[in-house]
Amino acid sequence: MDDGGHAYAIREGFRINWMNMRDAATGQVMWESGEWDCGQDEMEAQIPCEILRCKQISRELNFSSLEVLTSLRLVQSVIFKGEPLEEWNFHFGFVIPNSTNTWQQTIEAAEEEEMLPAELLSGNVVIETTFFDGDYPIMTQRVRIWYV
């Protein structure tokens, strides 16, 4: 991929429309947001602390792309007090130009004895998600988590 016009068009034409997180065992929506400002350096999310009790979380991400993407993937880092704590990699694949897609991922929780309490995590955790087309970064989104 070139670093010129096509790369710019991919960045400009990629949008997150909405996202939700569910208890993967029950399907109950635990959190959702339809307001994504992809240009903001850092967003904030208030998430119910009950989500930390779920064994698995199903995350649905709805996105649109004006351009063809040959190998969409994301790398998600959990940053606690400025230090990397965990990293996950997810692969979507080919994206048709001028399309809107929903991408679902399942995230497994750590064992209960390994979990930090919500009081310690709240406000100290930033989820940094970088979207790529192959090895080319499209955008990075940072969300500071507040457990309520």
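Whatever comes next refers back to the structure up there.
As the structure is a prediction and not an experimental result, all values here were calculated from the model. (Residues numbered from 1 in each chain as written. Predicted model: local features only at pLDDT ≥ 70, side-chain atom pairs only at ≥ 80, totals over all residues. Heavy atoms only, no water.)

Caption draft 1: Region of interest: the overall build of the protein. Scanning the protein from N- to C-terminus turns up two helices and nine strands. Going residue by residue from the N terminus, the α and β elements of the protein occur as α-β-β-β-β-β-β-β-α-β-β. Its C-alpha atoms give the protein a radius of gyration of 16 Å, within 12% of the compact-globule value 15 Å for 148 residues. Its C-alpha atoms give the protein principal-axis dimensions of roughly 50 × 35 × 25 Å. Expressed as a percentage of the 148 residues in the protein, the buried residues total 43%. Surface summary for the protein: the accessible area is close to 8,400 Å², and the carbon and sulfur share equals 48%. (Helix = DSSP H or I, 4+ residues; strand = E, 2+ residues; numbered from the N terminus. Rg over C-alpha atoms; globule rule 2.2 N^0.38 Å. Buried < 20%, exposed > 50% of the residue type's maximum accessible area, 1.4 Å probe, protein only. Areas by Shrake-Rupley, 256 points an atom, 1.4 Å probe, with all protein chains shown as cover.)

Caption draft 2: Summary view of the sheet that holds strand 7 (residues 99–108). Pairing within the open sheet is antiparallel, and its four strands lie in the order 2-1-4-7. Two strands in the sheet have a free side with no partner beyond their single neighbour: strand 2 (29–33) and strand 7. In this sheet, adjacent strand axes meet at a mean angle of 15° when their direction is disregarded. Inspection of the sheet shows strand 4 (residues 56–65) paired to strand 7 by ten bridges, in the antiparallel sense. When the sheet's bridge partners are listed, Ser64 is paired in strand 7 with Thr100. (Pairing = 2+ DSSP bridges. Axes fitted to C-alpha atoms, helices over the stretch in contact; angles between N-to-C directions.)

Caption draft 3: Representation of the pairing of strand 1 (residues 14–23). Relative to strand 4, strand 1 is paired through nine bridges, and the arrangement is antiparallel. In the sheet register, Phe14 faces strand 4, and the bridge partner there is Ser65. Bridge count for strand 1 against strand 2 is four bridges, and the pairing is antiparallel. Looking at the pairing, Arg22 lines up with Val29 of strand 2. In this structure, the hairpin formed by strand 1 and strand 2 is closed by a connection of five residues, where Gly27 is found at a positive phi of approximately 80°.

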